[in-house]
Amino acid sequence: MSNGQAATVEISPFAVPNGRLGMWLFIASEIMLFATLFTSYIIYRIASPEWPRGWEVLNVRLGTINTYILIASSVPMVLAFSKTLTRDRKWFARFLGLTILLGCVFLVIKSFEYSAKFAHGISPATSIFYALYFTITGLHA
């Protein structure tokens, strides 16, 4: 490049922006983590002669509500992201605020579930079932 010409850099058509690569790596790690936890649950459930029935020891109503909240919170998050593309700060803030609000509702419900378990002397140390229950639900929090 001694003749004064600027160097050109070729970008591969297979190049992935750092932010996108980071997000894909994060999603992949979450999939691996939860797959391991669910696999552990299945293996221990099959191997254990005294595995509790979830509907008998857990609050199904609160768990169902929290499941809907988790799923519903992804909708305003996607909408908030779409508003970043159009640079609409007002609606971005509203959708992100709704996502945060739903996350707080999830945490409040989870605190009721956990405090009821702790009040009955149940903790992750109680059994493998409860260790997996607290780990899986706690990671969602």
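Residues numbered from 1 in each chain as written. Predicted model: local features only at pLDDT ≥ 70, side-chain atom pairs only at ≥ 80, totals over all residues. Heavy atoms only, no water.

1. Re the nonpolar core
In terms of nonpolar packing, the biggest core is built from eleven residues, these being F34, L37, W51, Y114, I122, F129, Y130, L132, Y133, F134 and I136. For this core, the secondary structure elements donating two or more residues are α1 (18–47) and α5 (128–140). No other element matches the six residues that α5 contributes to this core. Excluding its chain neighbours within four sequence positions, the residues that come into contact with L37 are L132, T135, I136 and L139. (Core = buried A, V, L, I, M, F, W, Y, C linked by side-chain atoms within 4.5 Å. Buried < 20%, exposed > 50% of the residue type's maximum accessible area, 1.4 Å probe, protein only. Helix = DSSP H or I, 4+ residues; strand = E, 2+ residues; numbered from the N terminus. Contact = heavy atoms within 4.5 Å.)

2. Quick look at the pattern of salt bridges
The full count for this structure, using the stated rule, is two salt bridges. A salt bridge links E56 to R53; its shortest N-O distance comes to 3.6 Å. Classification of R53 as partly exposed rests on a relative accessible area of 47%. The shortest N-O distance in the salt bridge between K110 and E113 comes to 2.8 Å. A residue pair is termed a helical-turn pair when its members lie 3 or 4 positions apart in one helix, as K110 and E113 do in helix α4 (residues 89–119) at three residues. E113 carries the same exposure label as K110, and that label is buried. (Salt bridge = Lys/Arg side-chain N within 4 Å of Asp/Glu carboxyl O.)

3. So, the packing of helix α3 (residues 60–85) against α4
Where α3 contacts α4, the two axes come as close as 8 Å, and the packing angle between them is 160°. Between α3 and α4, the angle falls in the class roughly antiparallel. Between α3 and α4 the crossing geometry is left-handed. Taken together, the residues of the contact of α3 with α4 break down into 18 nonpolar, five polar and three charged. (Axes fitted to C-alpha atoms, helices over the stretch in contact; angles between N-to-C directions. Parallel < 35°, antiparallel > 145°, perpendicular 65-115°, else oblique. Left-handed = near helix turned anticlockwise from the far one by under 90°. Nonpolar A, V, L, I, M, F, W, Y, C, P; charged D, E, K, R; others polar.)

4. Overview of a nonpolar patch on the surface
On the surface, M23, W24, F26, I27 and I31 cluster together into a nonpolar patch covering about 540 Å² of accessible area. One can find W24 in helix α1. With relative accessibility at 55%, the residue W24 sits in the exposed group. (Patch = residues over 30% accessible without salt bridge, like charges linked within 9 Å, V, L, I, M, F, W, Y side chains within 5 Å. Areas by Shrake-Rupley, 256 points an atom, 1.4 Å probe, with all protein chains shown as cover.)

5. Considerations on the packing of α4 against α5
Relative to each other, α4 and α5 sit at 160°, their axes nearing to 11 Å. Between α4 and α5, the crossing angle belongs to the class labelled roughly antiparallel. Between α4 and α5 lies a crossing of left-handed hand. Taken together, the residues of α5 that come into contact with α4 (itself represented by F106, K110, E113, Y114, K117 and F118) are Y130, Y133, F134, T137, G138 and H140.

Keep in mind these numbers describe shape, not what the thing actually does.
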